[in-house]
Amino acid sequence: FHRGVSLAGSPDLALGVERNICRGACQELMGGLPAEVPGRYRQGSPHHLLPLTIPQWHLLGELDPIVPVDYLEHCFNQAGPQQQFHFEMIPQIGHFEMVMPDTIAWDFIKKSLL
């Protein structure tokens, strides 16, 4: 069984630039702003590749100050009903704790991979 798992990720990098998700990391990753390199944003944003043929799991820390839940909800709503999304909020976890193996996040990550 295949699936995509996102750990506090940015499924729409152009919207990420607009909303300043991850404090400028979206445009740094893409090598410019959406108006400057639009093809990179279309190819690099899962949101622009929908519908994917696999389910997507999005895990987000309850205390994440960098990726707001309303941003992810907007991306999910724009995707349409044909895309399978699973969203889970991890309690008492911020943004960077998501990738630390000694936090509760790893229990959720392992579960998302099964």
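Trainee: Can you break down the state of the cysteines residue by residue, with the values?
Mentor: Throughout the structure, instances matching the rule amount to zero disulfides. Looking at Cys22, it has no disulfide partner, and the nearest cysteine sulfur is the one in Cys26, 6.6 Å off. Exposure remark for Cys22: the relative accessible area of 27% places this residue in the partly exposed category. The class of Cys26 is buried, set by a relative accessible area of 3%.

Trainee: Pulling in residues and values, what's your account of helix α5 (residues 105-113)?
Mentor: Every buried residue of α5 is accounted for by Ala105, Phe108, Ile109 and Ser112. Taken around the axis of α5, the buried residues stretch over an arc of 100°, which confines them to a single face. Buried-residue contacts for α5 involve β1 (4-7), β2 (56-61) and β3 (85-90).

Trainee: Break down the nonpolar core for me, citing the residues and quoting the values.
Mentor: Residues Tyr41, Val67, Tyr71, Leu72, Ile90, Met98 and Ala105 are the most contacted members of the largest nonpolar core, which totals 23 residues. Breaking this core down by element, the ones donating at least two residues are α1 (13-18), α2 (25-30), β2, α4 (69-79) and α5. For this core, the element with the highest residue contribution is α4, accounting for four residues. In this structure Met98 touches Leu7, Ala8, Leu59, Leu60, Gly61, Ile90, Ile93, Ala105, Trp106 and Ile109, once residues within four positions along its chain are discounted.

Conventions used here
- Residues numbered from 1 in each chain as written.
- Predicted model: local features only at pLDDT ≥ 70, side-chain atom pairs only at ≥ 80, totals over all residues.
- Heavy atoms only, no water.
- Disulfide = S-S within 2.5 Å.
- Buried < 20%, exposed > 50% of the residue type's maximum accessible area, 1.4 Å probe, protein only.
- Helix = DSSP H or I, 4+ residues; strand = E, 2+ residues; numbered from the N terminus.
- Arc of directions from axis to C-beta.
- Contact = heavy atoms within 4.5 Å.
- Core = buried A, V, L, I, M, F, W, Y, C linked by side-chain atoms within 4.5 Å.

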